[in-house]
4 protein chains.
Amino acid sequence: MSPTEVRVGVVGVGIMGTDHAERLASRIAGARLVAVADPDRVRATALADRLGTEVLADPLALVASPDVDAVVLASPGFAHEEQVLACLAAGKPVLCEKPLTMDDESSLRVVRAEVEHGTRLVTVGFMRRFDPEYAEARALLGTGERGRLLLLHNVHRNRSVPNADFRSEMIVRDSLVHEVDSSRFLFDDEVVEVTVLAPAPTRHAAEGVLDPQVALFRMAGGGLVTNEVFVNSQVGYEVRFEAVAERGSLTAGLHTTALLGTSAAAGGGAWGGVVPADYRRRFARAYDLEVQAWVDGIRVGTGAVGASAWDGYAATAVSTAGMASLATGTPVAVELAERPSLYRATADPVAVP
Amino acid sequence: MSPTEVRVGVVGVGIMGTDHAERLASRIAGARLVAVADPDRVRATALADRLGTEVLADPLALVASPDVDAVVLASPGFAHEEQVLACLAAGKPVLCEKPLTMDDESSLRVVRAEVEHGTRLVTVGFMRRFDPEYAEARALLGTGERGRLLLLHNVHRNRSVPNADFRSEMIVRDSLVHEVDSSRFLFDDEVVEVTVLAPAPTRHAAEGVLDPQVALFRMAGGGLVTNEVFVNSQVGYEVRFEAVAERGSLTAGLHTTALLGTSAAAGGGAWGGVVPADYRRRFARAYDLEVQAWVDGIRVGTGAVGASAWDGYAATAVSTAGMASLATGTPVAVELAERPSLYRATADPVAVP
Amino acid sequence: MSPTEVRVGVVGVGIMGTDHAERLASRIAGARLVAVADPDRVRATALADRLGTEVLADPLALVASPDVDAVVLASPGFAHEEQVLACLAAGKPVLCEKPLTMDDESSLRVVRAEVEHGTRLVTVGFMRRFDPEYAEARALLGTGERGRLLLLHNVHRNRSVPNADFRSEMIVRDSLVHEVDSSRFLFDDEVVEVTVLAPAPTRHAAEGVLDPQVALFRMAGGGLVTNEVFVNSQVGYEVRFEAVAERGSLTAGLHTTALLGTSAAAGGGAWGGVVPADYRRRFARAYDLEVQAWVDGIRVGTGAVGASAWDGYAATAVSTAGMASLATGTPVAVELAERPSLYRATADPVAVP
Amino acid sequence: MSPTEVRVGVVGVGIMGTDHAERLASRIAGARLVAVADPDRVRATALADRLGTEVLADPLALVASPDVDAVVLASPGFAHEEQVLACLAAGKPVLCEKPLTMDDESSLRVVRAEVEHGTRLVTVGFMRRFDPEYAEARALLGTGERGRLLLLHNVHRNRSVPNADFRSEMIVRDSLVHEVDSSRFLFDDEVVEVTVLAPAPTRHAAEGVLDPQVALFRMAGGGLVTNEVFVNSQVGYEVRFEAVAERGSLTAGLHTTALLGTSAAAGGGAWGGVVPADYRRRFARAYDLEVQAWVDGIRVGTGAVGASAWDGYAATAVSTAGMASLATGTPVAVELAERPSLYRATADPVAVP
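What counts, and at which threshold
- Residues numbered from 1 in each chain as written.
- Chains lettered and ligands numbered in written order.
- Predicted model: local features only at pLDDT ≥ 70, side-chain atom pairs only at ≥ 80, totals over all residues.
- Least-squares fit on C-alpha atoms with pLDDT ≥ 70 in both.
- Contact = placed C-beta atoms within 7 Å.
- Helix = DSSP H or I, 4+ residues; strand = E, 2+ residues; numbered from the N terminus.
- Nonpolar A, V, L, I, M, F, W, Y, C, P; charged D, E, K, R; others polar.
- Domains from an automatic or database assignment.
- Pairing = 2+ DSSP bridges.
- Buried ≥ 20, exposed ≤ 12 C-beta atoms within 10 Å, placed from the backbone.
- Axes fitted to C-alpha atoms, helices over the stretch in contact; angles between N-to-C directions.
- Left-handed = near helix turned anticlockwise from the far one by under 90°.
- Parallel < 35°, antiparallel > 145°, perpendicular 65-115°, else oblique.

Take chain D, turn it by 180°, move it 0.0 Å along the axis, and it overlays chain A with an RMSD of 0.1 Å. The transformation relating the two chain copies, once decomposed into turn and shift, fits a two-fold axis. Within chain D, Thr226(D) has its C-alpha nearest the rotation axis, a separation of 4.0 Å. Of the residues that chain D buries at the interface, 100% are likewise interface residues in chain A, meaning the two copies contact each other through the same surface.

Structure follows, in structure tokens:
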């Protein structure tokens, strides 16, 4: 018979946590959603009723519950450190949405706690590693057919962001951070220097906000990455990369949809695909594959998959340096602690689906 | 708590049945693989051991077992009628790989047995209905934005087929039949006439085999379908369509992969995507979505999804007419029995994933 | 020094003739526009004044003029026979817009007059032969790398046609005729049978007009062609083909423009190219290359290039058969006269630009 | 009658000069090739014989000849200053291949001589301005539909360069310089700062050569440009850009050929276009359109078209700064002289063909 089910609790039921709870309740083999927890008791209860699961008193009680085998953390970033450390203390696998924590030092505390624990329990939710195109690109680069990876060009566009309280740094911290992890994943290498530049901003950005931004990463092994992040493009969600190697290149995300066409209703005259409004369509499958792989890793006892606590720490450290560079426009070096032997450079590769 | 698991048995463990057994054992939420059955006892036992499930004595014993809630039939086509009728007699949902049965009359017997049973238990494995592009095209055509569907152009190519014992009719029966179902699904209408023509064949076909073939379908509502089926294209697996409506068109399958690129290793000079070698990569996700939807339908008790016994019967009837047309090159009318009220024209639409 | 200039006269200054006159006056090396003729004297004089050329009394006077070395005929089709025969009688090269003449017999009279003359003087304006994609496809098919051509799928769409006086036959005679010539050019073979079918028409066609239409051609050598012609697609001008050979395929016209993009102004959300409103953008370069090649052929004395009088006759004969088939929906055989030795199957191949 | 012919002499008959001579002898309306000059007398005579034109003793004699109305300079860069100044002194229009001259000061001397002459006679051969995609992109950006241009991403790849004597600076001077002009053309603005960075080089570059390189341009109005130049990509000639504006983007050069396809001969499995081996196929039409527009400008007396002496000077100045930046990896400011009123920012826009 198949291995027993993994009983999963979800902490935080905002958009991302609700999405994960529904996924666990309906699309993930070998998992059972057993509990949700959220300070907003009303919201949590409504979700739990809908999905037929329990509501627990508080996140730490959920982590401690003997009915919970593993935890998905979709709480706000400032709550992550305490909750992840509680999971480590309880010896329970945890899938923590990015960012791992709010700054380098707290992320490093998580890394050290996990090293002390001795085995990997923490997965950080950089879901792109499970996107078939990113995973296949890494696998193809790994075959050596195209030689060594030299350059990576990343593009990341959102139709718009809410303007209230939005600050330029949030482009680095919340959007560019995905490109940090993608670059580390595709190069299998660390970022050692980051420069963030900005052109004269679009009129669609809030007053004083630098949007778009262009960031450069230097990798430890000599690779170079250009990034465009533009969060008020007015068009839609576009995430693309071109990886340029010694003997060929790979481009992902070019065709935003597989279904193409024309429509006279749209004013006639255009032939092509649709640019989706947000990330959910683009990365829906990556999230499914990520959570399934995480559950599979727990069921078969082979340990954590995907981005590690080290990857979460490194991403935070590069973001921190990026925010410093944004303030000055000059290159800022990234100084990482020494990598414990528990971690490879960029965690385990992911099997191509 | 979530609804109880569906305990599934798989009959036939050739390529397709093994694929389904692995899917049920690892990727389908809410299902448990509990048994496999196959006349080849050695093959069945090896698979059962690997997946941790039982081997049952014979297919009908599996169907009858009180431990089996639902059945996947991946046995040879000639065995389907008896096995599907046994499932109906036992009141168990069955996902039957195409063809439903080997000829119109036996398919009609299945339809009548299901009508007598009174509710739909049979799903025929036309998995393309669950492919995101086909499903979305049907949904978009259903919105009316592009007006009425007028024409459909289908292309279906395989790199090659085994030449021993291959006959021209098998292109109609095994390949074109998918285009029959796709056409019925996208038009939501029946095929009333079929013409199968053939050019001078490729030198890569076996002696006497007419490959490629071009088939025309006339739909009851006046729509027209052109189909190319070419099973020795030497290139790879290409399945595409262009649906031409009054105010716009939709094209699916054009970009065979989302990851594009160049490679000097491939002789340099080419920019584009990869044509996959066979159907498994193209439709892997459609199979997953199909089986998940089938299991979900059983768990929530809303009944069968996907192609119905009626759809299976209609596909068989069009294939039969197509084989007759291939022999003469002239149009052959498709005469269907009256459709019982249990069935819509082309089964329920599928939600766009 | 370069060879002397070719002095060209243009007969008929409607849209096409005006276009040719402007081309000859400004973009064609080695040619000089010396005269225009048109029954609409006002229109002809206005054009002549603008381009600095002469107006001649009538078309036949222009043909006869000692100042005219070669003639472009853009007069209405019913006037072609007399004017082409006059050019032949005068021994002057003539580029005659399609159709060569209005029916098979008159086209055959032109063929016979040219055979009597003994060398080719007539070029029929099937400009697609000079479109870089069509020319390159023929050249690539000629290399044999992809084996023998088996199937050709043509698509021809116009945004709309004027509805007054439009009849279903005009789709065959004026639009499908281009596909006839393209098919003969790419197969280097004759059409021997044509079938024209029609689905239930679009609501955007005029009352009683069958639009779209699907035509099938059987080639003498066993090839098969499917054609879609849709002249009220509401979208724009789309001309595409896919040529399917034994070991690979070639697709032209897929990307309607080389410049791609997004625009929030267009409602956001679409990524792709523009579908041009009419043929002028799609085939502007083909017309330039055609006329330049025609002039070059005259200057260097190597004789006529492009589609021959035979090609014009064959296109007319297939169209005639197509109109007959449209009336019945059944296949109609094309019976050509014997091909004089002056002509190859489909005229000379065109060098890839 | 049409205006008289422009009698053109070509100086320098290497690859580029031969190409221009053939173009003038066969494809340009209103021009006559009357002379060629080259220190390599044998090569010049062979070409002149083939094209039926004269060989003149030396470049300055050609410039001075009363039989020459206008001059195309395709001599080595170091010879340009003297020859262009001679054309200015003779009052003859000159199309000078890039670079205008070898350094900022000599380029400025040309600018000042032209200002003294009082009207524009110099066109610098930045042919991309005549490429339909670049011209249309500038026109579309000019409509304002997409708002202001914010970012430009340029990619420039060559299959390989001869390794003997190749130095890193040549990537800036000979390749990046095209991106300088393209950026100035699309932004209609000057480059004020340039940074040239390099990753660890490809193994296919010569010892010590930094290839690929990434350059950043800051434009006077706040725009930002990223450039990749990679001259040993092993794949082929790829020139692309994506222009990112406030309300949409434009991408050119993505589909390297309009004809797409598959071929089993190429190992099967790939679907797409061909990457051309070199620039001739990619920009053949741009060269034709450039020379035709240059000749047309002379015939109708409306003066010089395309990139001006000022554009040539600005490109040289940015290249000089780029070479300085390559040595240090830090940003280098571009200090231009004051722009004389004879010149617009980036010369006249080009009509979309």
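Turning our eyes to something else, we now look at the interface of chain D and chain A. Facing the 24 residues of chain D at the interface are 24 residues of chain A. Where the side of chain D that touches chain A is concerned, the elements lending two or more residues are β7 (149-157) and β10 (224-230) of chain D. Counting residues per element, the side of chain D that touches chain A draws most heavily on β10(D), which supplies four residues. Broken down by class, the residue content of the side of chain D that touches chain A amounts to eleven nonpolar, nine polar and four charged.

Residue and element names in this part refer to chain A. Parsing chain A into structural domains produces domain 1 (6-127 + 288-299) and domain 2 (129-282 + 309-333). Between domain 1 and domain 2, the C-alpha centre-to-centre distance is 27 Å. Listed by partner, the interface residues are 18 residues for domain 1 and 13 residues for domain 2. Sorting the residues of the side of domain 1 that touches domain 2 by element identifies α5 (104-117), β6 (122-124) and α8 (279-299) as the ones contributing at least two each. Sort the elements by how many residues they give to the side of domain 1 that touches domain 2 and α5 lands first, with six residues. Residues that form the side of domain 1 that touches domain 2 fall into these classes: eleven nonpolar, two polar and five charged.

On to the interface of chain C and chain D, then. Facing 31 residues of chain C, the contacting portion of chain D comprises 31 residues. Mapped by element, the contributors of at least two residues to the side of chain C that touches chain D are α1 (15-26), α6 (132-143), β12 (248-252) and β13 (260-263) of chain C. Taken together, the residues of the side of chain C that touches chain D sort by class into 13 nonpolar, eleven polar and seven charged. Here β12(C) runs beside strand β13 (residues 260-263) of chain D; their pairing, made up of four bridges, is antiparallel. The residue of β13(D) that forms the bridge with Gly248(C) is Ser263(D).

All names here are of chain B. Taken together, six strands build an open sheet; the order of strands is β3-β2-β1-β4-β5-β6 and the sheet is parallel. What marks the edges here is a single partner per strand, and that holds for β3 (54-55) and β6 (122-124). In this structure, strand β4 (residues 70-73) lies alongside strand β5 (residues 94-96), joined through three bridges in parallel fashion. Bridge pairing links Leu73 to Cys96 in β5.

Right, let's talk about unusual backbone geometry for a bit. Residue Pro99(C) is reached from Lys98(C) by a cis peptide bond, and omega for that bond is 0°. Cis geometry is adopted by the peptide bond preceding Pro212(C), which originates at Asp211(C) and carries an omega value of 5°. Positionally, Pro212(C) belongs in the loop between β8 (191-197) and β9 (213-219). The backbone of Asp188(A) sits at a positive phi, close to 55°, despite the residue not being glycine. Among the residues examined, Asp188(A) registers 18 C-beta atoms within 10 Å and is labelled partly exposed. If you check the backbone angles, Gln234(B) has positive phi at about 70° while not being a glycine. In this structure, Gln234(B) sits in the loop between β10 (224-230) and β11 (238-245). Its 22 C-beta neighbours within 10 Å are what place Gln234(B) among the buried residues.

Note on the chain copies: they are related by a rotation about an axis and a translation along it. For the pair chain C and chain D, the superposition axis carries a translation of 0.0 Å, the fit reaches an RMSD of 0.1 Å, and the rotation angle comes to 180°. Same-surface contact between copies: 100% of interface residues of chain C are shared with the interface of chain D.

Once that is clear, we can look at the packing of helix α1 (residues 15-26) of chain A against α8(A). Residues and elements named next belong to chain A. Two numbers describe how α1 lies on α8: the axes approach to 11 Å, and their chain directions differ by 60°. α1 and α8 meet at a crossing whose hand is right-handed. Along the contact surface, α1 presents His20, Arg23 and Leu24, while α8 presents Tyr287, Asp288 and Val291. A breakdown of the residues in the contact of α1 with α8 according to their chemical character gives three nonpolar, one polar and two charged.

A few words now on the sheet that holds strand β4 (residues 70-73) of chain D. Residues and elements named next belong to chain D. If you trace the six strands from one edge of the open sheet to the other, you get β3-β2-β1-β4-β5-β6, paired in parallel fashion. Of all the strands in the sheet, the pair left with one neighbour each is β3 (54-55) and β6 (122-124). Of the pairings in the sheet, the one linking strand β1 (residues 6-11) to strand β2 (residues 31-37) comprises six bridges and is parallel in character. Bridge pairing in β2 links Gly9 to Ala35.

Residue and element names in this part refer to chain B. Direction vectors running N to C along helix α4 (residues 80-90) and helix α5 (residues 104-117) enclose 0°, while the axes themselves pass 10 Å from each other. As the angle between them shows, α4 and α5 are arranged roughly parallel. The segment α4 lies against α5, with Glu81, Val84, Leu85 and Leu88 engaging Ser106, Arg109, Val110, Ala113, Glu114 and His117. Along the lines of polarity and charge, the residues of the contact of α4 with α5 split into five nonpolar, two polar and three charged.

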